[in-house]
Amino acid sequence: MSVSAAPPPRATRASRGSFFERLSQSRNGLGLLFMLPAAVFLLCFLTYPLGLGAWLGFTDTMIGRPGVFIGLENYEYLFRDRVFWLSVFNTLFYTAIASILKFALGLWLAIILNENLPFKTFFRAVILLPWVVPTVLSALAFWWIYDSQFSIISWVLMQAGLISAPINFLGDPWNARLSVIAANVWRGIPFVAISLLAGLQTIPASLHEAAALDGATSWQRFRRITLPLLTPIIAVVMTFSVLFTFTDFQLIYVLTKGGPVNATHLMATLSFQRGIPGGALGEGAAIAVAMVPFLLAAILFSFFGLQRRKWQQGGSD
Amino acid sequence: MASVDFVDVRKSFGAHAVIKGVNVHIDDGEFVILVGPSGCGKSTLLRMLAGLEHISGGEIRIGERAVNDVPPKDRDIAMVFQNYALYPHMSVADNMAFSLTLKGASKSEIETKVKPAAEILGLSHLLDRYPRQLSGGQRQRVAMGRAIVRDPQVFLFDEPLSNLDAKLRVSMRTEIKNLHQRLTTTTVYVTHDQIEAMTMADKIVVMQDGRIEQIGAPLELYDRPNNLFVAGFIGSPAMNMLHGRLDPADGQRFVTGDGIVLPLAPGHRGTPGTDLVYGARPEAIHLGGPIPMEVIVIEPTGFESQVLGRIGASNVTCVFRERLSVKPGERIDVSIDPAAVHLFDAGTGVRL
């Protein structure tokens, strides 16, 4: 649509009036005007904190003491800090394992929910529960489940005679890592499952029928029809899932606070630990900024994964 | 290739019966069209033959084999869907070769089967394209190509032309018929369009409400419809139906409810005193004669003129070969060829 048609001649108008007149006729002017509120919001609440964080990373600011610019000193320190590298390892391990599990279990759940099973809508609603419960609440529930004395898992296993003493879920480094991953997976599955279910429902039933008539077994239908047609949605869902997992904070903070001996410290929790309780705002900010390259890599990966496939291009419908 | 038999086939969704005992025999190599209004169960019947719907009762046989419990992939049939159901992420060549790929056929084997099929359908230059890049007619051809490559026992078509525009529909009609004459594979084709049925079928199965109304060759259905439903469904424009009784005086003429007298052939089977329906196809009405008709609408097509008029209080459609120069509202005189008239029992709808 073109809005550049010459306005009707209004020689007697005041110049002020004609400015608004021109603005209301200008596509670009109006576009900018309408974007202004969102832009202001983003500048105040996103760009400013991000910029401040990046700046703090180059200073030695402590709580209660404005710092001075110290260049890359924080980063040089972190480079030699074994706890920092441990947290990097933890974060990557946590993200990788949790994302793979969430994807596999989420896809499995989505496929089950896409079948004609009784009470389908009920199950679809129930599946969302872990996602809608506030994280802190579900983390507290897991805290009890993983309790060193009152854990229900330990209790059940002991009643069954499979173990003789309660499992030390959150006290042993590897147990703790796996426990928090399990909690994260439990919480993250609904998002993956529901999104993939939505994707599955966009695949026309006639494609499966055609494939069945073409002689495909159910595994071949999944492998050659469902999975390729689902890839664009998988790419979006898993990007978000990876970003959520990588930046996870609440679950870890409630369950382990990064312990035992930093075994479950993620970069996000370490950043908070050093910056707020530890008071070293500059150093905490530097850790947070160090997450950026990883997140950018994840986004770029999905960007190329998300690029429209050749089969999605062209054509009119 | 194989014959197909439906033996007292039934289907119900819960308590709701949609197929109520269907018996059809389809000869090897025959082109059979299931036709009927929407909701009559024709597509369900086709999907039962394909194995996409469970069979609630009766038996379906392909050749000598009962296929009730045979999964679709083992029935050796190919189906063309209404929305074509092309795999969007595969090229035309891969779409056509999909069944062969699943079987683990070699590259050269795939090529020797896909290439001739593509040639038959004029798809050779499109083999590298994706479905999105094709027009409706081309997609339709790819769907048919995918079926041809299979070289199945039976071809199934589920309203394959309903997504195409009118012109393309006519040319694809010819193409499908031509293809069948070439391949002579048993074909079952579903449509709600009686013109498609008339022009393409060896045998038409007219269905209504889960039952078969009549089975026969196209012209047989046209000339000798079993009942009012078939008479009204087959033929375009539809047969004119006038309600009335035999002339009580001599029983050799028909008198409509509003007193118009219409001719009957001697030896008709109407019984005096019962309510009857007088059926006359539009082309059985000719210009000139004893019956006055008021013209309501004239639709000249060049080759012929279709006239909607009123005889007494009943609307009547006529097709005249002559070019007319009358205006709406004028009166013309027409006659009806008594030999081409059908009489139906108004109560049962059966042709007498």
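Fair warning: this is a prediction, and the values are worked out from it, not measured in the lab. (Residues numbered from 1 in each chain as written. Chains lettered and ligands numbered in written order. Predicted model: local features only at pLDDT ≥ 70, side-chain atom pairs only at ≥ 80, totals over all residues. Heavy atoms only, no water.)

Visitor: Report on the overall build of chain A, specifying residues and quantitative values.
Guide: A count of helical and extended segments in chain A gives 14 helices and zero strands. Order of helices (α) and strands (β) in chain A, N terminus to C terminus: α-α-α-α-α-α-α-α-α-α-α-α-α-α. For chain A, whose C-alpha radius of gyration is 26 Å, the value lies well above the compact-globule estimate of 20 Å for 317 residues. Expressed as lengths along the three principal axes of its C-alpha atoms, the size of chain A is roughly 95 × 75 × 35 Å. Per-residue burial for chain A yields a buried fraction of 38% across its 317 residues. (Helix = DSSP H or I, 4+ residues; strand = E, 2+ residues; numbered from the N terminus. Rg over C-alpha atoms; globule rule 2.2 N^0.38 Å. Buried < 20%, exposed > 50% of the residue type's maximum accessible area, 1.4 Å probe, protein only.)

Visitor: Describe the pattern of salt bridges, naming the residues involved and giving the relevant values.
Guide: In this structure the tally under the stated criterion is 18 salt bridges over all chains. Linking A:Arg65 and A:Asp60 is a salt bridge whose minimum nitrogen-to-oxygen distance equals 3.4 Å. Judged by its relative accessible area of 40%, A:Arg65 is partly exposed. We classify A:Asp60 as partly exposed; its relative accessible area is 26%. B:Glu294 is the partner of B:Arg310 in a salt bridge, and the nearest nitrogen-oxygen pair spans 3.8 Å. Residue B:Arg310 is found in strand S16 (residues 305–311), and its partner B:Glu294 is found in strand S15 (residues 285–300); the two are separated by 16 residues along the sequence. The exposure class assigned to B:Arg310 is partly exposed, which follows from its relative accessible area of 33%. Through salt bridges that share partners, A:Glu209, B:Lys11, B:Arg47 and B:Glu53 make up one connected network. (Salt bridge = Lys/Arg side-chain N within 4 Å of Asp/Glu carboxyl O.)

Visitor: Tell me about the confidence of the model for chain A, and name the residues and values.
Guide: Residue and element names in this part refer to chain A. Chain-level statistics for chain A give a pLDDT mean of 85 and a share of 91% at 70 or above. Confidence scores differ between elements of chain A, with helix H1 (residues 15–25) showing the lowest mean pLDDT of 75 and helix H4 (residues 82–114) the highest of 93. Predicted confidence for residues 1–6 stays below pLDDT 50, and this span has three contacts to residues more than four positions away or in other chains. (pLDDT = per-residue confidence, 0-100. Contact = heavy atoms within 4.5 Å.)

Visitor: Account for the domain arrangement of chain B, with residues named and values stated.
Guide: Residues and elements named next belong to chain B. Each domain of chain B was delimited in the assignment, giving domain 1 (4–233) and domain 2 (240–345). Taking only C-alpha atoms, the centre of domain 1 and the centre of domain 2 are 39 Å apart. Taken together, the eight residues of domain 1 in the interface contact seven residues of domain 2. For the pair domain 1 and domain 2, the two sides together bury roughly 630 Å², of which 63% comes from carbon and sulfur. A per-residue breakdown of the area domain 1 buries against domain 2 is headed by Tyr222, Leu228 and Ala231, which together make up 74% of the total. Our count for the domain 1 to domain 2 interface comes out at zero salt bridges. Taken together, the elements giving at least two residues each to the side of domain 1 that touches domain 2 come down to helix H7 (218–223) and helix H8 (228–233). For the side of domain 1 that touches domain 2, the residue count by class is five nonpolar, two polar and one charged. (Domains from an automatic or database assignment. Buried area = accessible area lost by both parts, 1.4 Å probe. Nonpolar A, V, L, I, M, F, W, Y, C, P; charged D, E, K, R; others polar.)

Visitor: An account of the interface of chain B and chain A is requested, with residue identities and associated values reported.
Guide: The partner chain A presents 24 residues to the 25 residues of chain B that form the contact. Of the roughly 2,300 Å² buried between chain B and chain A on both sides combined, carbon and sulfur atoms contribute 61%. Of all residues in chain B, B:His89, B:Leu102 and B:Arg132 bury the most surface against chain A, accounting for 30% of the area lost on that side. At the junction of chain B and chain A, the tally comes to two salt bridges. The residue A:Asp214 makes a salt bridge to B:Arg150 at a minimum N-O spacing of 3.4 Å. Only helix H1 (42–50), strand S6 (77–80), helix H2 (92–102) and helix H4 (136–150) of chain B provide two or more residues apiece to the side of chain B that touches chain A. Of all the elements, H2(B) adds the most residues to the side of chain B that touches chain A, at four residues.

Visitor: Account for the environment of A:Gln159, naming residues and giving values.
Guide: Residue and element names in this part refer to chain A. Mapped onto the fold, Gln159 is located in helix H8 (residues 152–159). The exposure class of Gln159 is exposed, given its relative accessible area of 58%. Distance from Gln159 to Thr269, taken between C-alpha atoms, is 36 Å for residues 110 residues apart in sequence.

Visitor: Could you give an account of the nonpolar core, naming the residues involved and the relevant values?
Guide: The biggest cluster of nonpolar side chains holds 59 residues, and the ones touching the most others in it are B:Phe6 and B:Leu156. Of all the elements, helix H11 (residues 218–246) of chain A adds the most residues to this core, at seven residues. Excluding anything up to four places from it in sequence, B:Leu156 contacts B:Leu46, B:Leu49, B:Ala50, B:Ile77, B:Ala78, B:Met79, B:Val80 and B:Val188. One finds B:Ala97, B:Ala118, B:Leu179 and B:Phe233 within the second-largest nonpolar core, a separate group that totals 46 residues. (Core = buried A, V, L, I, M, F, W, Y, C linked by side-chain atoms within 4.5 Å.)

Visitor: So what about the side chain of B:Glu53? Which residues, and what values?
Guide: Residues and elements named next belong to chain B. Along the chain, the position of Glu53 falls in the loop between H1 and strand S4 (57–62). Polar side-chain contacts of Glu53 include one of 3.2 Å to the side chain of Arg47. In this structure, Glu53 is in contact with Lys11, Phe13, Thr44, Arg47 and Met48, ignoring residues within four places of it in sequence. (Polar contact = N/O pair within 3.5 Å; in protein donor to acceptor, adjacent residues only side chain to side chain.)

Visitor: Requested: an account of the sheet that holds S15(B), with residues and values cited.
Guide: All names here are of chain B. Here four strands make up an open sheet; going across it, the order is S17-S16-S15-S18 and the pairing antiparallel. Because the sheet does not close on itself, it has two edges, and the strands there are strand S17 (314–320) and strand S18 (331–336). Geometrically, the sheet is characterised by an average inter-axis angle of 50 degrees between neighbouring strands, direction not taken into account. (Pairing = 2+ DSSP bridges. Axes fitted to C-alpha atoms, helices over the stretch in contact; angles between N-to-C directions.)

Visitor: Lay out the packing of aromatic side chains in plain terms, naming residues and giving numbers.
Guide: Pairs of aromatic rings are described using the distance from one ring centre to the other and the angle between the two planes. With the rule as written, the count across this model stands at 29 aromatic pairs over all chains. Taking 5.5 Å as the distance between ring centres and 35 degrees as the angle between the ring planes, the aromatic pair formed by B:Phe157 and B:Tyr189 counts as tilted. One end of the pair, B:Phe157, is in strand S7 (residues 154–158); the other, B:Tyr189, is in strand S8 (residues 186–191), and 32 residues separate them in sequence. For the pair shown, B:Phe157 and B:Tyr189 are each scored as buried. The rings of A:Trp55, A:Phe58, A:Phe69 and A:Tyr75 are connected pair by pair, giving a single aromatic cluster. For the cation-ring pair, B:Arg146 lies above B:Tyr87, with the distance from its terminal atom to the ring centre recorded as 4.6 Å. The ring of B:Tyr222 carries B:Arg281 above its face, with NZ or CZ at 3.9 Å from the centroid. (Phe/Tyr/Trp six-rings, centres within 6.5 Å; stacked < 30°, edge-to-face > 60°. Lys NZ or Arg CZ within 6 Å of the ring centre and 35° of its normal.)

Visitor: If you had to explain the environment of A:Trp85 to someone new, which residues and values would you point to?
Guide: Residues and elements named next belong to chain A. Locating Trp85 in the fold gives a position in helix H4. Among the residues examined, Trp85 registers a relative accessible area of 41% and is labelled partly exposed. For the pair Trp85 and Met267, spaced 182 residues apart in sequence, the C-alpha separation works out to 9.1 Å. The residues contacting Trp85, other than those within four sequence positions of it, are Leu78 and Phe79.

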